[in-house]
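A look at the structure
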Amino acid sequence: MKFIEFDFEPEVQEGIDSLGFENATEVQEKTIPAIMRGDDVIAAAQTGTGKTAAFLLPVMNAILTANSNNTDSVKALIIVPTRELAMQIDQQIEGLSYFTSISSIAVYGGTDRFVFDAEKKGLEKGADIIVCTPGRFIAHLNLEYVKIDGLTHLILDEADRMLDMGFVNDIKKIITYLPKKRQVLLFSATMPANVRTLARTIMNKPSEINIAISKTVDKVLQVAYII
């Protein structure tokens, strides 16, 4: 399936074309239409299947087409388990949104006070998309300057890893700050019982998509070093 068949806004399509994307992967082909319909979505697929673009593209498209009065509010919140993933997703947003007015910021722990202050300035200004690790974002929320009343999309990426790392209470706390009316997207490499339990508490009749969850993607090289 060509990306153009999803009928994205011209600015989003330009970003897709500039990165050399031609055909959608299986997870993109199955999840993007559901997300563009406004469904809550649970998607299980291994690393390397194109999950990031599967949620970024339709969410960016929705932000561009929305007539929102909350111009300084966060529109989409992406919660991830690690700073490395937060940085990676933020870089992909920069590439895909290059021809658009969409702004983003990565918020993660393990940095000094100067980085925290820079994050604060970005949050006060009102970035459209926030990519964050749970603990660091809660630190900002507790200081009460994050404008989040206009949020329309919540994305949990690598949900199984976040729960394995003990972030479930942090995620639930963040959700208490968010508007009740929102689209929730949950992406995970596996779908254990604790992920399904979380999904039931925060999602509304989600569409469920499973893409070869027990199979490693062919292009991913796995190596173990004995040291």
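Everything below is about the structure printed above this text.
These notes cover the structure that comes with them.

1. Overview of the nonpolar core
Across soluble globular proteins, nonpolar side chains show a tendency to be buried alongside one another. Membership of the largest hydrophobic core comes to 39 residues, with the highest contact counts inside it found for F55, I78, I89 and I129. If you tally residues by element for this core, the top one is helix α3 (residues 51-65), at eight residues. Not counting residues within four places of it along the chain, the set of residues in contact with F55 comprises I35, I78, I89, I155, D157, L185 and F187. Formed by 37 residues, the second largest nonpolar core is a distinct cluster that contains L77, F116, V184 and L198.

2. A few points about the sheet that holds strand β3 (residues 104-107)
One open sheet holds the seven strands; their spatial order is β3-β4-β2-β5-β6-β1-β7, and the pairing between them is parallel. The outermost strands of the open sheet, each flanked by one partner alone, are β3 and β7 (207-211). Each neighbouring strand pair of the sheet contributes to a mean axis angle of 10 degrees, computed without reference to strand direction. With four bridges connecting them, strand β1 (residues 41-45) and strand β6 (residues 183-188) associate as parallel partners. Looking across to β6, one finds that A44 is bridged to S188. Across the sheet, helix α2 (residues 26-37) touches β1, β6 and β7, and the angle it forms with β7 is around 170 degrees.

3. Concerning the packing of helix α5 (residues 113-125) against helix α6 (residues 134-142)
Contact pair α5 / α6: the axes reach a minimum separation of 11 Å and the direction vectors enclose 65 degrees. For the pair α5 and α6, the crossing hand works out as right-handed. Between α5 and α6, the contacting residues are V115, F116, E119, K120 and L123 on the first element and R136, F137, A139 and H140 on the second. Its residues placed into classes, the contact of α5 with α6 shows five nonpolar, one polar and three charged.

4. Some words on the pattern of salt bridges
For the coordinates displayed, the defined rule picks out seven salt bridges. Here R37 makes a salt bridge to D39, at a shortest N to O gap of 2.9 Å. With a relative accessible area of 22%, D39 lands in the partly exposed category. Between K75 and D128 there is a salt bridge, with the nearest N and O atoms lying 3.7 Å from each other. Pair noted here: K75 is in the loop between α3 and β2 (76-79) and D128 is in the loop between α5 and β4 (129-132), with a separation of 53 residues, a long-range link.

5. With respect to the environment of T152
The residue T152 is located in the loop between α6 and β5 (153-157) in this model. What makes T152 partly exposed here is its relative accessible area of 35%. For the pair T152 and L198, spaced 46 residues apart in the sequence, the C-alpha separation amounts to 19 Å. Each residue touching T152, except ones within four places of it in the same chain, is listed here: K75, R182 and Q183.

6. Side note on unusual backbone geometry
Unlike most non-glycine residues, D7 shows phi in positive territory, near 60 degrees. Among the structural elements, D7 can be located in the segment before α1 (10-18). The backbone of K205 shows a phi angle near 45 degrees, a positive value even though the residue is not glycine. Within the element layout of this structure, K205 appears in the loop between α9 (193-202) and β7.

7. Quick look at the packing of aromatic side chains
Using the criterion set out here, one finds five aromatic pairs in the structure. Ring-pair connections join several aromatic residues into one group, and the members of that group are F3, F6, F8 and F21.

Rules used in this analysis
Residues numbered from 1 in each chain as written. Predicted model: local features only at pLDDT ≥ 70, side-chain atom pairs only at ≥ 80, totals over all residues. Heavy atoms only, no water. Core = buried A, V, L, I, M, F, W, Y, C linked by side-chain atoms within 4.5 Å. Buried < 20%, exposed > 50% of the residue type's maximum accessible area, 1.4 Å probe, protein only. Helix = DSSP H or I, 4+ residues; strand = E, 2+ residues; numbered from the N terminus. Contact = heavy atoms within 4.5 Å. Pairing = 2+ DSSP bridges. Axes fitted to C-alpha atoms, helices over the stretch in contact; angles between N-to-C directions. Left-handed = near helix turned anticlockwise from the far one by under 90°. Nonpolar A, V, L, I, M, F, W, Y, C, P; charged D, E, K, R; others polar. Salt bridge = Lys/Arg side-chain N within 4 Å of Asp/Glu carboxyl O. Phe/Tyr/Trp six-rings, centres within 6.5 Å; stacked < 30°, edge-to-face > 60°.

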